[in-house]
Amino acid sequence: MTRKFPADFLWGVATSAYQIEGGVDLDGRGPSIWDTFCAHPGAVRGGDDGRTAAEHRRRMASDVAMLAELGVGAYRFSVAWPRVRPLGRGAVSTAGLDFYRSLVDALLDAGVDPVVTLYHWDLPQALEDAGGWPARATAERFGEFASLVGAALGDRVRRWSTVNEPWCAAMLGYAGGIHAPGRSDPGAAIAAAHHLLLGHGLAVDALRATVRADAEVAITVNPYPVIAAGEREVDIDAARRVDGVANRLWYDLVLLGRYPDDVLADFATVSDLAHIRDGDLAMISRPIDAIGVNYYRRHHVRHAAGASAGPPASTWPGSPDVETVDPGVATTASRWAIEPDGLVETLVRLTRDYDPPPIYVHENGAAFDDHAGAGGDVDDADRLAFLRDHVRAAHDALAAGVDLRGYFVWSLLDNFEWAEGYAKRFGIVRVDFETQRRTPKASARWYAEVARTGEVD
Ligand code: FCB
């Protein structure tokens, strides 16, 4: 059976600045929290860092030519804040802005629609030194950054996302300490979450003031279906807690302008909540034109006393007794369970419970241990099957009434996978990190065909 997508469905691929750019010494770029974090012994697998990455800063033109050849409709990338404003405030780097201007021009010339993400986790280190996301001023600086980028690119770029996966930025970065800046302080993480969303609201206003009137402004979240792995009341409560912090927190704040009561009560056990000020909720819930959903897997959780009491602290602040359970199905190389139906559940739930604006899958993809042939060829049947099953799930969501407008593969290129370094390859295009040679994998050829025909078997 062939499943046909609407003619205007947007097929894209995604990347982010720190994961591919390298060129950390160019354009007067300042250090980001990821440069600092990578330098901590043991923080990143293999001691890897983003200094060189996929050298996209130098190879942009040929990367765009490759995108054009793939024939995808859109390319989602992020702007490195410290490349544009090295210290996060004060002086602006014209060279940095020029790089993104030329990227946008190249994409438009190639007929590829640019989708610009403003924050994909590379906070200028100088702002972290001044308190980072737990400090309110960081949200204000982010609003300024949005104005700068909006003014530079907003005449040509129509599609925007303010913040990528605020759960990860706040909870992995400030509670679990697994991502930069590597802090383990649940109270700080709760304040960071609030300020990331305050920054989102300020960025929405900043973009509205600087970019074209037909712009589509979004935020990108990473919701998960949460399944209780047990029938005890405490297991059901563990699922409620994780659903609260993973899903309802972001949806309720951005789409409804309120904190879920139960989440706030859990948070109050580790935070005085003094960072929440009058007017913040109205700013956080500024109307948006679209919402991006990144989907990789479900969460299966149950109660286990002290399971995540730390150190490091729980990534579910205020909920130290939650344990993640392996559902026992096939996994990717990241050991993430492969559960494509979870994508349908995620999109249907968002639609049913929140009356959201149009939805895009801004990321979906998988790491597998690729084996390259002599010429660099990779027959990644496992990744191809993963993508095919998730594209089918996206179609199932459409059939269920979800207003889904597009789907983006994570990722165009093999890249720096955060704390996993270069050990996890997510690209549909192989990058040989010795030579920087790019070779489209079998999954890229398959995806190009899906994008061309708008159909999947
Ligand atoms: C998401 C991130 C993205 C990438 C994928 C695998 O959480 O947004 O940068 O690392 O996971």
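See the structure above.
What counts as what
Residues numbered from 1 in each chain as written. Predicted model: local features only at pLDDT ≥ 70, side-chain atom pairs only at ≥ 80, totals over all residues. Heavy atoms only, no water. Helix = DSSP H or I, 4+ residues; strand = E, 2+ residues; numbered from the N terminus. Near = heavy atom within 4 Å. Polar contact = N/O pair within 3.5 Å; in protein donor to acceptor, adjacent residues only side chain to side chain. Areas by Shrake-Rupley, 256 points an atom, 1.4 Å probe, with all protein chains shown as cover. 1 Å grid on protein atoms, 1.4 Å probe; cavity = no way out; pocket = protein on both sides within 12 Å on 5 of 7 lines; lining within 4 Å. Sits in = over half its atoms within 2 Å of the grid points. Nonpolar A, V, L, I, M, F, W, Y, C, P; charged D, E, K, R; others polar. Buried < 20%, exposed > 50% of the residue type's maximum accessible area, 1.4 Å probe, protein only. Contact = heavy atoms within 4.5 Å. Expected span 1.5 Å × (residues − 1). Pairing = 2+ DSSP bridges. Points joined across faces, edges and corners; volume = space filled by probe spheres on them. Salt bridge = Lys/Arg side-chain N within 4 Å of Asp/Glu carboxyl O. Core = buried A, V, L, I, M, F, W, Y, C linked by side-chain atoms within 4.5 Å. Patch = residues over 30% accessible without salt bridge, like charges linked within 9 Å, V, L, I, M, F, W, Y side chains within 5 Å. Lys, Arg positive; Asp, Glu negative; His and termini not counted. Charge placed at Lys NZ, Arg CZ, Asp CG, Glu CD. Phe/Tyr/Trp six-rings, centres within 6.5 Å; stacked < 30°, edge-to-face > 60°.

What about unusual backbone geometry?
Moving on, step 1. In this structure, Pro-181 follows Ala-180 across a cis peptide bond, with omega equal to 10°.
Moving on, step 2. Tracing the sequence through the fold places Pro-181 in the loop between helix H8 (166-175) and helix H9 (186-210).
Moving on, step 3. Here the amide bond leading from Trp-410 into Ser-411 is cis, since omega sits at 15°, within 30 degrees of zero.
Moving on, step 4. You can see Ser-411 is positioned in the loop between strand E12 (404-410) and strand E13 (429-432).

Comments concerning the site of the ligand
Moving on, step 1. Around the ligand sit Gln-19, His-120, Trp-121, Asn-164, Glu-165, Tyr-296, Glu-363, Trp-410, Glu-417, Trp-418 and Phe-426, and those are all the residues in its vicinity.
Moving on, step 2. Asn-164 places a side-chain nitrogen or oxygen 3.0 Å from an oxygen atom of the ligand.
Moving on, step 3. A distance of 2.6 Å is found between an oxygen atom of the ligand and a side-chain nitrogen or oxygen belonging to Glu-417.
Moving on, step 4. A total of 290 Å² of accessible area belongs to the ligand in isolation, and the protein chains cover 95% of it.
Moving on, step 5. Its atoms largely coinciding with the cavity grid, the ligand occupies the largest pocket.
Moving on, step 6. Class assignment of the residues belonging to the shell around the ligand gives a composition of five nonpolar, three polar and three charged.

Regarding the side chain of Thr-332
Moving on, step 1. Structurally, Thr-332 can be placed in the loop between strand E10 (322-324) and helix H13 (341-354).
Moving on, step 2. By relative accessible area, which is 7% here, Thr-332 ends up buried.
Moving on, step 3. At 3.1 Å, the side chain of Thr-332 forms a polar contact with the backbone nitrogen of Ser-334.
Moving on, step 4. Ignoring sequence-local partners within four residues, the contact set of Thr-332 consists of Ile-338, Ala-366, Ala-367, Phe-368 and Phe-386.

A word on helix H15 (residues 442-453)
Moving on, step 1. Taking 1.5 Å of rise per residue, twelve residues should cover 16 Å, and H15 covers 17 Å from first to last C-alpha, within 8% of that figure.
Moving on, step 2. For H15, the set of buried residues is Ala-442, Ser-443, Ala-444, Trp-446, Tyr-447, Ala-448, Val-450 and Ala-451.
Moving on, step 3. The inward-facing, buried residues of H15 abut strand E2 (10-14), helix H3 (56-70), helix H14 (381-399), E12, strand E14 (437-440) and strand E15 (455-456).
Moving on, step 4. Looking one or two residues past H15, Gly-454 carries a phi angle of roughly 65°, positive in sign.

A word on the pairing of strand E6 (residues 216-221)
Moving on, step 1. With six of six residues buried, E6 is to be regarded as a mostly interior element.
Moving on, step 2. Going residue by residue along E6, you find Glu-216, Ala-218 and Thr-220 tucked away on one face and Val-217, Ile-219 and Val-221 tucked away on the opposite face as well.
Moving on, step 3. With four bridges connecting them, strand E5 (residues 159-164) and E6 associate as parallel partners. Note on E6: the bridge partner recorded for Ser-161 is Ala-218.

Describing the side chain of Asp-266
Moving on, step 1. Within the secondary structure, Asp-266 is located in helix H11 (residues 261-267).
Moving on, step 2. The contacts of Asp-266, once residues within four sequence positions are left out, are Arg-240, Arg-241, Gly-318 and Ser-319.

As for the layout of surface pockets
Empty space among the atoms becomes visible once a probe the size of a water molecule is rolled across them.
Moving on, step 1. Looking at the largest pocket, its volume works out to about 1,200 Å³.
Moving on, step 2. The wall of the largest pocket is formed by 47 residues, among which Leu-172, Arg-297, His-299, Ser-334 and Trp-336 lie closest to the centre.
Moving on, step 3. Among the residues forming the lining of the largest pocket, the class breakdown is 21 nonpolar, 14 polar and twelve charged.

Observations concerning the pattern of salt bridges
Moving on, step 1. In this structure the tally under the stated criterion is 48 salt bridges.
Moving on, step 2. We note a salt bridge from Arg-156 to Asp-105, for which the minimum N-O separation is 2.5 Å. Of this pair, Arg-156 sits in the loop between helix H7 (136-153) and E5 while Asp-105 sits in helix H5 (residues 94-109), and the two are 51 residues apart along the sequence.
Moving on, step 3. The partner of Asp-155 in a salt bridge is Arg-156, and the shortest N-O contact between them spans 3.0 Å.

A word on the environment of Gly-373
Moving on, step 1. Secondary-structure assignment places Gly-373 in the loop between strand E11 (359-363) and H14.
Moving on, step 2. Sequence separation between Gly-373 and Gly-279 is 94 residues; the distance between their C-alpha atoms is 58 Å.

Quick notes on the nonpolar core
Moving on, step 1. Residues Trp-34 and Tyr-119 are the most contacted members of the largest nonpolar core, which totals 135 residues.
Moving on, step 2. Residues in contact with Trp-34, not counting those within four places in the same chain, are Tyr-18, Val-44, Trp-121, His-179, Ala-180, Phe-416, Trp-418 and Ala-419.
Moving on, step 3. In terms of nonpolar packing, the next biggest core, distinct from the first, is built from 13 residues, Leu-10, Val-115, Ala-290 and Phe-408 among them.

What about a negative patch on the surface?
Moving on, step 1. A contiguous patch of negative charge, built from Asp-369, Asp-377, Asp-379 and Asp-382, is present on the exposed surface.
Moving on, step 2. If you trace the backbone, Asp-382 turns up in helix H14.
Moving on, step 3. Residue Asp-382 is classed as partly exposed on the basis of its relative accessible area, which comes to 35%.

Quick look at the environment of Ser-334
Moving on, step 1. Within the secondary structure, Ser-334 sits in the loop between E10 and H13.
Moving on, step 2. Taking the C-alpha atoms as reference points, Ser-334 and Arg-352, separated by 18 residues in sequence, lie 31 Å from one another.
Moving on, step 3. When neighbours within four sequence positions are excluded, Ser-334 is seen to be in contact with Ala-367, Lys-424 and Phe-426.

Regarding the packing of aromatic side chains
Moving on, step 1. Scanning the entire structure with this criterion turns up 33 aromatic pairs.
Moving on, step 2. Pairing Trp-81 with Phe-142 gives two aromatic rings, centres 5.5 Å apart and planes at 55°, and the pair type is tilted. With a gap of 61 residues between them, Trp-81 in helix H4 (residues 81-84) and Phe-142 in helix H7 connect regions that are remote in the sequence.
Moving on, step 3. With relative accessibility at 0%, the residue Phe-142 sits in the buried group.
Moving on, step 4. Here a set of aromatic residues connected by ring pairs shows up, and it is made of Tyr-18, Trp-34, Phe-37, Trp-121, Phe-416, Trp-418, Tyr-422 and Phe-433.

Brief notes about the environment of Arg-57
Moving on, step 1. Here Arg-57 shows up in helix H3.
Moving on, step 2. For the pair Arg-57 and Gly-23, spaced 34 residues apart in sequence, the C-alpha separation works out to 5.7 Å.
Moving on, step 3. With residues up to four places along the chain from it excluded, the contact list for Arg-57 reads Glu-21, Gly-22, Gly-23, Leu-26, Asp-27, Arg-83 and Phe-99.
Moving on, step 4. A distance of 2.7 Å separates the side chain of Arg-57 from the side chain of Asp-27, its partner in a polar contact.

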